[in-house]
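Here's the letter readout for the chains.
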Amino acid sequence: MSRPATDARPARPLVWASDEVIARIGDQVQPEVGLPRRMAAAATATVVFTWLPTFLVFAATTLAAPSVTNGAGVGTTAFWAVQVAVLLALAAMVGTLWRRDTGPDPAERVPPIGRALLRVAVHTLRTGACAGLVLAVQGLSVGQIATLTVALVVVLHLLPLVVARALHARRRGAASATD
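Considerations on the overall build of the protein
Phase 1 of the analysis: Within the protein, the regular secondary structure consists of 5 helices and 0 strands.
Phase 2 of the analysis: Walking the protein from its N terminus toward its C terminus, one meets helices and strands in the order α-α-α-α-α.
Phase 3 of the analysis: Expressed as a percentage of the 179 residues in the protein, the buried residues total 26%.
Phase 4 of the analysis: Taking the intrachain contacts of the protein between residues at least 6 apart in sequence as the baseline, contacts between residues at least 24 apart amount to 74%.

Shown next as structure tokens:
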């Protein structure tokens, strides 16, 4: 049997491409998505990822403490959840429009943990405002609105952040154990 010929190329140092070259290659490989499509994707993702958890929070609160929701039924809590999800979708669409003209994200200058906390804070305020608006229109008291809003913020924002950080730390710990 004959042996395959070895590749006898001379060792050369790596040459890094400039940002301009990388951007041109990126545009050819992955063209930019248009604004209407980004807005639609943001709205769709927001409704898909917020309606069910919002409904579950409202329904669980109704079952555990009916006085917090004035004894609202399942249909009513589902309607509230749809209203919150639609308001959040509208806010996501406006956020996509707003981000379009600002250039580089100002949060990019912030370290990764700071960027994550800043995002969570902004989304928490947005969620609280949308939930508060929907629940205030339903005639709930300030205490009831605050209770439901805090539960919603915990389920939609704080729990996913804690789970993501725990999984990241676990993965990092497993990787360092194998080294």
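Concerning the nonpolar core
Phase 1 of the analysis: Within the largest apolar cluster, 20 residues are counted, with the highest numbers of intra-cluster contacts made by Phe58, Trp80, Val84, Leu135, Leu140, Leu148 and Leu152.
Phase 2 of the analysis: When residues of this core are traced back to their parent elements, those giving at least two are helix H2 (35-64), helix H3 (74-100), helix H4 (112-137) and helix H5 (142-178).
Phase 3 of the analysis: When residues of this core are assigned to their parent elements, the largest contribution, 5 residues, is made by H3.
Phase 4 of the analysis: With residues up to four places along the chain from it excluded, the contact list for Phe58 reads Thr69, Thr77, Trp80, Ala81, Val84, Leu135, Leu148 and Leu152.

What about H2?
Phase 1 of the analysis: Its 30 residues give H2 an end-to-end C-alpha distance of 43 Å, which sits within 8% of 44 Å, the value for a rise of 1.5 Å per residue.
Phase 2 of the analysis: At Thr50, H2 shows its strongest bend, of approximately 30°, with the proline Pro53 following within four residues.

A look at the pattern of salt bridges
Phase 1 of the analysis: Applying the stated criterion to the full structure yields 1 salt bridge.
Phase 2 of the analysis: Put simply, Glu20 and Arg24 hold a salt bridge, and the shortest N to O gap is 3.9 Å. Taken together, the positions of Glu20 and Arg24, both in helix H1 (residues 19-29) and 4 residues apart, correspond to about one turn of that helix.
Phase 3 of the analysis: Owing to a relative accessible area of 57%, Glu20 belongs among the exposed residues under this scheme.
Phase 4 of the analysis: Take Arg24: its relative accessible area is 48%, and that puts it in the partly exposed class.

So, the packing of H2 against H5
Phase 1 of the analysis: Taken N-terminus to C-terminus, the directions of H2 and H5 make an angle of 135°; their axes are 10 Å apart at the nearest point. If you check the angle between H2 and H5, you find them oblique. Crossing angle aside, the handedness with which H2 passes H5 is right-handed. On H5, the residues that touch Phe49, Thr50, Pro53, Thr54, Val57, Phe58 and Thr61 of H2 are Leu148, Ala151, Leu152, Val155 and Leu156.
Phase 2 of the analysis: Per-class residue counts for the contact of H2 with H5 are 9 nonpolar, 3 polar and no charged.

What about H5?
Phase 1 of the analysis: End to end, H5 covers 52 Å across 37 residues, agreeing with the expected 54 Å (1.5 Å per residue, within 8%).
Phase 2 of the analysis: Along H5, the sharpest kink reaches roughly 40°, centred on Val154.
Phase 3 of the analysis: Turning to H5, its buried residues number three or more, namely Gln144, Ile145, Leu148, Thr149, Leu152, Val153, Leu156 and His157.

Remarks on the packing of aromatic side chains
Phase 1 of the analysis: Taken as a whole, this structure holds 2 aromatic pairs when the rule is applied.
Phase 2 of the analysis: Judged by centre distance (6.0 Å) and plane angle (80°), the rings of Phe58 and Trp80 are edge-to-face. Pair noted here: Phe58 is in helix H2 and Trp80 is in helix H3, with a separation of 22 residues, a long-range link.
Phase 3 of the analysis: Given a relative accessible area of 0%, Phe58 falls into the buried group.
Phase 4 of the analysis: The exposure class of Trp80 is buried, given its relative accessible area of 3%.

Basis of the calculations
Residues numbered from 1 in each chain as written. Predicted model: local features only at pLDDT ≥ 70, side-chain atom pairs only at ≥ 80, totals over all residues. Heavy atoms only, no water. Helix = DSSP H or I, 4+ residues; strand = E, 2+ residues; numbered from the N terminus. Buried < 20%, exposed > 50% of the residue type's maximum accessible area, 1.4 Å probe, protein only. Contact = heavy atoms within 4.5 Å. Core = buried A, V, L, I, M, F, W, Y, C linked by side-chain atoms within 4.5 Å. Expected span 1.5 Å × (residues − 1). Bend = angle between axes of the 7 residues up to and from the residue. Salt bridge = Lys/Arg side-chain N within 4 Å of Asp/Glu carboxyl O. Axes fitted to C-alpha atoms, helices over the stretch in contact; angles between N-to-C directions. Parallel < 35°, antiparallel > 145°, perpendicular 65-115°, else oblique. Left-handed = near helix turned anticlockwise from the far one by under 90°. Nonpolar A, V, L, I, M, F, W, Y, C, P; charged D, E, K, R; others polar. Phe/Tyr/Trp six-rings, centres within 6.5 Å; stacked < 30°, edge-to-face > 60°.

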